[in-house]
Amino acid sequence: MKMITLHVLDDSLEVSYHPTDAAGERQFIIAYNSDQTIGENLENLRLKLAGLDVDAAVVDNALSYPFSDTVVGINHQRIDIGLAITNMLNIPVVSNQAIAKQGLTAALQAKRDYLSWHLDYYGQYQGKRNYGQEAMLTVGNGFVGLRGAYTEAHADADNYPGMYTAGLYDQLTTNLNGRAVTNEDLVNLPNAQALSFGVDHQNPFQIKAADIQDIYRSLDLHTGTLTTTMLVQLSTGHSLQIKTTKLANFKDWHRLAIRYSITPLNFAGSLQVYSTIDGSVVNGNVSRYNAFDQHHLRVTGTSQQPDSIFLEAQTRASHVDLALGSHLTGPGQALTTPSDGRPNAEQQVRQMRSVDVQPQQTYTFEKNIVLFTSRETTGDVLQAAMTDLQRASFADTLASSTAYWQKRWADADFQITGDITSQKLTRVNLYHLFSAVQAIRSGQIDASINARGLDGEAYRGHVFWDEMFDLPVFALHDPQLARQLLMYRYRRLPAAKQNAKDAGYAGAMYPWQSGEVGDEQSQVTHLNPLTNTWDPDYSSLQRHVSLAIAYNVIMYHRITGDTDFMAKYGLEMLQEIAQFWLSKTKLDNADHRYTIDRVMGPDEFHENYPNADTTGLANNAYTNLMVTWLFNQLDHLRQDLPAATLKTVDAKTGVTAAVRQQFNDVSHHLKLDINSEGIIGQFEGYFKLPKLDFTKYRAKYGDISRMDRILKAEGKTPDAYQVAKQADALMAFYNLDAPQVLGLLKQLGYELPQQDLLKNLQFYLDRTTHGSTLSRIVYAALTAMAGNMDQSWQLFSQALFSDYYDIQGGTTAEGIHLGVMGAVTLMSTRYYAGVDALGDHLTVNPHLPEAWQAVKFQHLLRGTRYTFDIDHHHVTVQADHAATIQIGQQTVSLKPNVSQTITD
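Owing to the predicted nature of the structure, the values given are computational and were not obtained by experimental measurement. (Residues numbered from 1 in each chain as written. Predicted model: local features only at pLDDT ≥ 70, side-chain atom pairs only at ≥ 80, totals over all residues. Heavy atoms only, no water.)

*Asks:* Quick question: what am I supposed to make of the overall build of the protein here?
*Replies:* The number of helices and strands found in the protein is 24 helices and 38 strands. Relative to the compact-globule value of 29 Å for 904 residues, the protein shows a C-alpha radius of gyration of 28 Å, a close match. Its C-alpha atoms give the protein principal-axis dimensions of about 90 × 75 × 65 Å. With 904 residues in all, the protein has 61% of them scored as buried. As presented, the protein carries roughly 33,500 Å² of accessible surface, and 47% of it is formed by carbon and sulfur atoms. (Helix = DSSP H or I, 4+ residues; strand = E, 2+ residues; numbered from the N terminus. Rg over C-alpha atoms; globule rule 2.2 N^0.38 Å. Buried < 20%, exposed > 50% of the residue type's maximum accessible area, 1.4 Å probe, protein only. Areas by Shrake-Rupley, 256 points an atom, 1.4 Å probe, with all protein chains shown as cover.)

*Asks:* Would you mind going over the pattern of salt bridges with me for this structure?
*Replies:* Close approach of charged atoms lets side chains of opposite charge pair. Summed over the entire model, instances satisfying the criterion amount to 36 salt bridges. For Glu134, the salt bridge is made with Arg147, and the minimal N-O distance between the two is 2.8 Å. Separated by 13 residues along the polypeptide, Glu134 in helix H5 (residues 127-136) and Arg147 in the loop between strand E10 (144-146) and strand E11 (163-165) bring together distant segments of the chain. In this pair, the class of Glu134 matches that of Arg147, namely buried. For the salt bridge of Asp562 with Arg483, the shortest nitrogen-to-oxygen distance reads 2.9 Å. Taken together, the residues span a long stretch of sequence, with Asp562 in the loop between helix H12 (544-560) and helix H13 (563-584) and Arg483 in helix H10 (residues 479-491) at a distance of 79 residues. (Salt bridge = Lys/Arg side-chain N within 4 Å of Asp/Glu carboxyl O.)

*Asks:* Explain H5 to me, please; I cannot follow it from the model alone.
*Replies:* Residues three or four positions apart in an α-helix share a direction because the helix packs 3.6 residues into each turn. With eight of 10 residues buried, H5 lies mostly within the body of the structure. Buried residues in H5 make contact with strand E8 (118-122), strand E15 (212-220) and helix H8 (420-435). (Contact = heavy atoms within 4.5 Å.)

*Asks:* Mind showing me how you'd approach the pairing of strand E22 (residues 321-329) here?
*Replies:* Along E22, seven of the nine residues are buried, which leaves the element largely enclosed by surrounding structure. With seven bridges joining them, strand E21 (residues 308-315) and E22 adopt antiparallel strand pairing. The residue of E22 that forms the bridge with Ala313 is Leu322. In textbook terms, the turn of a hairpin is the stretch between consecutive antiparallel strands, and for E21 and E22 this stretch comprises five residues, one of which, His319, has a positive phi near 55°. Note: E22 against strand E25 (residues 363-373), eight bridges, orientation antiparallel. Of the residues in E25, the one forming a bridge with Ala323 is Phe372. (Pairing = 2+ DSSP bridges.)

*Asks:* Would you take a moment to explain the sheet that holds strand E32 (residues 843-844) for this structure?
*Replies:* The strands that make up a sheet pair up through hydrogen bonds in the backbone, lying either parallel or antiparallel. The four strands lie next to each other as E31-E32-E36-E37, forming an open sheet whose pairing is mixed. The sheet terminates laterally at strand E31 (835-836) and strand E37 (890-894), the two strands that pair on one side only. With five bridges connecting them, strand E36 (residues 883-887) and E37 associate as antiparallel partners. Paired with Thr884 across the bridge in E37 is Ser893.

*Asks:* Please clarify how the nonpolar core should be interpreted in this entry.
*Replies:* Nonpolar side chains tend toward joint burial in soluble globular proteins. Counting 229 residues, the largest nonpolar core has Phe197, Trp465 and Ile777 as its most contacted members. In this structure Ile777 touches Tyr734, Phe796, Ala799, Val820, Ala823, Val824 and Met827, once residues within four positions along its chain are discounted. Counting residues in hydrophobic clusters, the runner-up holds 25 residues, among them Leu13, Tyr32, Ala57 and Ala62. (Core = buried A, V, L, I, M, F, W, Y, C linked by side-chain atoms within 4.5 Å.)

*Asks:* Sorry, what's going on with unusual backbone geometry here?
*Replies:* Leaving glycine out, the prevailing phi sign among residues is negative, and the prevailing peptide bond configuration is trans. One non-glycine residue, Asn90, lies in the positive phi region at around 60°. Mapped onto the elements, Asn90 comes out in the loop between helix H2 (81-89) and strand E7 (93-95). A relative accessible area of 26% places Asn90 in the partly exposed class. One non-glycine residue, Arg862, adopts positive backbone phi at about 50°. Considering the arrangement of structural elements, one finds Arg862 in the loop between strand E33 (854-861) and strand E34 (864-871).

*Asks:* Could you clarify how one ought to interpret the environment of Gly654 in this entry?
*Replies:* In this structure, Gly654 sits in the loop between helix H15 (643-653) and helix H16 (657-666). With 134 residues separating them in the primary sequence, Gly654 and Glu520 have C-alpha atoms 24 Å apart. Among all residues touching Gly654, those that are not within four sequence positions of it are Gln579 and Val659.

*Asks:* What is the right way to read the sheet that holds E10 from this model?
*Replies:* Read from one edge of the open sheet, three strands run E9-E10-E11, paired in antiparallel fashion. Each end of this open sheet is capped by a strand with a single partner; those strands are strand E9 (139-140) and E11. Looking at chain direction, E9 and E10 are connected through two bridges and run antiparallel. Each bridged residue has a counterpart across the sheet, and for Gly140 the counterpart in E10 is Gly145.

*Asks:* Where do I start with the side chain of Ser522 in this structure?
*Replies:* Of note, Ser522 is situated in the loop between helix H11 (493-502) and strand E27 (525-528). Here Ser522 falls in the buried class, since its relative accessible area comes to 12%. Among the polar contacts listed, one links the side chain of Ser522 to the side chain of Glu520, at a separation of 2.6 Å. Beyond its immediate sequence surroundings of up to four residues, Ser522 is in contact with Trp512, Gln513, Ser539 and Ser540. (Polar contact = N/O pair within 3.5 Å; in protein donor to acceptor, adjacent residues only side chain to side chain.)

*Asks:* So what exactly am I meant to see when it comes to the packing of helix H7 (residues 394-412) against H8 here?
*Replies:* Following both chains from N to C, one finds H7 and H8 inclined at 120°, their axes separated by 12 Å at the closest point. With respect to each other, H7 and H8 are oriented oblique. The handedness of the crossing between H7 and H8 comes out as right-handed. Contact residues: Tyr404, Trp405, Arg408, Trp409 and Ala412 in H7; Arg427, Leu430, Tyr431, Phe434 and Ser435 in H8. In terms of residue class, the contact of H7 with H8 is built from seven nonpolar, one polar and two charged. (Axes fitted to C-alpha atoms, helices over the stretch in contact; angles between N-to-C directions. Parallel < 35°, antiparallel > 145°, perpendicular 65-115°, else oblique. Left-handed = near helix turned anticlockwise from the far one by under 90°. Nonpolar A, V, L, I, M, F, W, Y, C, P; charged D, E, K, R; others polar.)

*Asks:* Looking at this model, I keep getting lost on the packing of H12 against helix H14 (residues 621-640). Mind explaining?
*Replies:* Helices that pack against each other are described as a pair by the angle of their axes relative to one another and the distance between those axes. Packing of H12 against H14 leaves a shortest axis separation of 10 Å and a crossing angle of 35°. The handedness of the crossing between H12 and H14 comes out as left-handed. Counting all contacts with H12, which are made through His544, Leu547, Ala550, Tyr551, Ile554, Met555, His557 and Arg558, the residues of H14 involved are Tyr622, Thr623, Met626, Val627, Trp629, Leu630, Gln633 and Leu637. Classifying every residue of the contact of H12 with H14 by side-chain character gives 11 nonpolar, four polar and one charged.

*Asks:* What am I meant to see in H7 here?
*Replies:* With 19 residues, H7 extends 26 Å from end C-alpha to end C-alpha; this agrees with the ideal 27 Å at 1.5 Å per step. The complete set of buried residues in H7 reads Phe394, Thr397, Ser400, Ser401, Thr402, Tyr404, Trp405, Arg408, Trp409, Asp411 and Ala412. (Expected span 1.5 Å × (residues − 1).)

*Asks:* Teacher, can you tell me more about the environment of Val778 here?
*Replies:* As for its position among the elements, Val778 is in helix H22 (residues 773-785). Judged by relative accessible area, Val778 falls into the buried class, the value being 2%. Taking the C-alpha atoms as reference, Val778 lies 8.6 Å from Met827; in sequence the two are 49 residues apart.

*Asks:* What exactly am I supposed to notice about the packing of aromatic side chains here?
*Replies:* Under the defined criterion, the tally for this structure stands at 50 aromatic pairs. With centroids separated by 5.2 Å and ring planes inclined at 25°, the aromatic side chains of Trp405 and Tyr431 adopt a geometry described as stacked. A residue pair is termed long-range when its members are at least 10 positions apart, and Trp405 in helix H7 and Tyr431 in helix H8 qualify at 26 residues. One aromatic cluster in this structure is built from Phe414, Trp793, Phe796, Tyr832, Trp852, Phe857, Tyr866 and Phe868. The ring of Tyr131 carries Arg147 above its face, with NZ or CZ at 5.6 Å from the centroid. Lying over the aromatic face of Tyr289, Arg460 brings its terminal NZ or CZ to 3.8 Å of the ring centre. (Phe/Tyr/Trp six-rings, centres within 6.5 Å; stacked < 30°, edge-to-face > 60°. Lys NZ or Arg CZ within 6 Å of the ring centre and 35° of its normal.)

*Asks:* What exactly am I supposed to notice about the pairing of strand E35 (residues 874-879) here?
*Replies:* Along any regular strand the residues' side chains alternate between the sheet's two faces. Because side chains alternate across E35, one face comprises the buried residues Val875, Val877 and Ala879, and the other comprises His874, Thr876 and Gln878, none of which is buried. As judged from the five bridges shared by E34 and E35, these two strands associate in the antiparallel manner. By the bridge assignment for E35, Ile870 is matched with Val875. Where E34 folds back onto E35 in an antiparallel hairpin, the turn is made up of two residues. Note: E35 against strand E38 (residues 900-903), four bridges, orientation antiparallel.

*Asks:* I tried to follow the environment of Phe414 on my own but got confused; where do I start?
*Replies:* With respect to the element layout, Phe414 can be found in the loop between H7 and strand E26 (415-417). Here Phe414 falls in the buried class, since its relative accessible area comes to 3%. Ignoring anything within four residues of it in the chain, the contact list for Phe414 reads Gln423, Thr426, Leu430, Ser828, Thr829, Trp852, Val855, Lys856 and Phe857.

Remember that the coordinates give geometry; whether it matters functionally is a separate question.
Below, the structure is given as structure tokens:
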């Protein structure tokens with residue numbers, strides 16, 4: 001085993017390198033620069049260690065701390081050097097203390113297991129960095145999401161204890177510079193997690209850097225529990241350890257629970273615990289929205305009992321009633337806290353317990369929280385909250401969360417051998433995917449996949465095309481959940497039809513941004529932060545969202561075999577969407593080619609043609625290819641459905657034999673712009689645009705991911721250049737696969753040799769700034785498809801780390817990116833493990849990254865559960881029903897519950 005040993009000196013690290021060859025051992029000192037930040041010093045450490053071939057590390061003089069065995073003190077600062085080195089070198093790090101207790105081998109294995117199941121942050125952070133960590137540490141169950149903020153914190157520049165419930169929106173209008181701007185927001189709910197302490201009846205403690213010695217936050221993915229351990233020394237000299245555990249109930253999903261343990265370290269006296277529900281909150285998570293009216297709640301009542309408090313409120317415009325209840329239990333005496341001179345006291349309700357304490361004794365309190373709204377509750381919401389709160393307990397919520405996650409990991413876990421960091425972050429992605437939507441499975445919540453989950457306010461909590469990247473993951477593990485997510489779109493089919501009618505089209509035109517009722521929530525202007533001016537916003541022209549919905553319907557049916565859904569809902573949606581696209585086509589009789597214009601593709605940088613009088617673009621390659629695919633799929637699906645179903649749906653949607661013939665004609669004659677070198681033009685006229693000098697712009701601006709804003713700040717427009725925010729022209733290859741897309745091109749009359757895919761890929765990589773988190777994962781799939789595994793792994797790793805490292809400079813602070821989390825998960829199974837469940841037949845063609853020794857996972861496909869165990873040379877598969885699958889070039893027949901291994 002190749003190891004390094006770290007010995008911490010006052011202002012430096014002494015590193016000893018122990019390779020398997022004793023002759024290669026060496027020792028060196030890494031200075032700690034007091035003028036640099038902790039992060040800069042750790043980067044110096046990374047650069048120094050980067051060239052070493054290391055399996056593990058030992059810290060030989062770590063401090064003794066209850067929450068981590070690798071915390072060290074250096075230059076009057078404490079850092080978790082083990083956590084930092086694991087992130088840098090992807091190796092386990094243990095202390096001499098752990099080795100003394102367990103032995104080296106056991107200590108390292110225990111650390112590997114721990115790191116792969118925990119998301120940890122050590123230290124106190126400020127600003128967007130802490131906001132981002134709060135988002136990553138959100139606990140939720142799909143009905144409610146609770147950001148991972150400190151319970152003692154109030155919303156300020158460094159902390160944001162937001163709380164959200166699925167599908168609860170409110171619209172407000174603000175007069176801004178003479179413009180009436182209406183925005184619909186996912187509402188930030190009253191802060192019900194507020195919980196703090198006081199000593200000898202002093203004011204309740206609030207998060208303050210000067211009073212905090214240490215903070216360690218750990219999200220246990222096994223059970224869905226978030227534990228924060230904090231060491232506090234007040235200005236009065238009182239020292240305490242505060243341990244807070246938060247989690248959500250998955251069975252009784254109206255419930256949240258907090259356990260609050262306080263240990264006085266150096267004093268005896270009187271201790272108070274304060275529990276609050278604060279209704280004075282606003283939507284303040286996204287600073288660029290602050291110019292708008294963000295006061296969505298009106299508190300309509302508060303009440304309290306000795307051990308329970310309740311707050312009632314109503315959204316100002318949507319008039320949704322809600323009631324929150326909180327029950328505080330623990331040692332000592334329950335005291336009422338009447339309104340006093342506190343700010344916003346009339347919008348808050350607070351209770352308190354007081355206990356006499358002794359040093360080194362731990363006192364544990366429990367706060368159980370319930371939330372009911374009139375959206376999912378029949379009858380009085382306050383009465384419902386009062387009744388449910390009587391049954392709530394921390395133990396019950398912990399049991400529920402633990403049972404849920406044990407079951408979920410048993411079917412959805414993606415196990416990776418040989419890569420600690422990929423394993424951890426893959427599980428973090430799965431955790432966020434399911435905790436953001438699980439309760440919607442009940443059928444009682446009218447909501448879908450919010451692009452930022454229930455842990456932030458970016459995109460105003462709206463539903464976008466991002467669900468296309470997530471729904472296959474849900475369908476492969478929880479078909480009922482996937483079906484309910486699609487029902488959100490079906491219930492908004494009438495609104496989509498009205499949207500199309502208002503725009504002069506037939507069928508159903510789903511909005512780019514969807515919220516409460518399914519009307520278009522995209523703005524017509526947006527504020528450019530670089531110029532502080534209002535620019536036109538044409539993002540609603542991304543009509544391809546309807547194609548994403550059609551894709552989800554078809555893939556759900558393909559994965560699950562749910563013909564009942566297709567007959568009752570899916571076919572109707574598909575035919576209405578198809579008629580919308582048919583109504584957008586225009587025939588040029590000269591060459592019998594159809595054009596689709598006035599659209600935007602996934603690349604949001606191009607909104608129209610330079611100096612054009614009209615908006616949008618013509619013959620976007622992605623749009624036209626996916627329309628062709630949709631029309632083909634509709635024809636195939638109809639062949640497998642009963643005549644009675646077709647008759648009913650046709651009558652409802654107005655699809656006739658003549659309409660179907662039009663579908664067929666268009667699907668063979670849509671126009672694309674392909675040049676003489678075999679490059680697919682992103683849209684008609686793309687090749688007439690000049691290229692940009694990316695080298696010059698990177699030298700001037702560094703980060704050019706938002707090149708659109710940079711160009712506009714220079715008085716230019718991205719419309720005039722060959723520059724892309726993310727994958728667009730090649731996006732259909734990601735949705736489908738190369739043979740299918742090449743087949744679509746041939747059907748349209750365009751021959752493109754498969755070897756031209758690599759040429760197209762390099763062409764667009766050279767023009768893409770990756771301004772979207774989705775961009776890298778799409779290109780990771782495309783480069784893997786083209787056989788460039790090194791580049792694929794680089795792009796994949798950046799996407800995998802995108803929220804963990806907040807690579808977009810603060811966007812994670814406003815909510816994690818569920819789209820990229822789903823895409824990373826599907827990338828791992830579909831492209832790297834090579835198990836493609838989205839095709840007509842299940843196929844297996846592995847291309848594991850070099851860093852992964854093996855993977856193991858399950859898929860539920862049309863009622864059959866498959867278990868795959870794949871390494872670089874073997875595929876072992878087992879199914880619980882008889883099945884036939886394609887592994888490489890072999891057709892393999894599986895007997896029930898009998899595994900087979902295929903060797904390459």
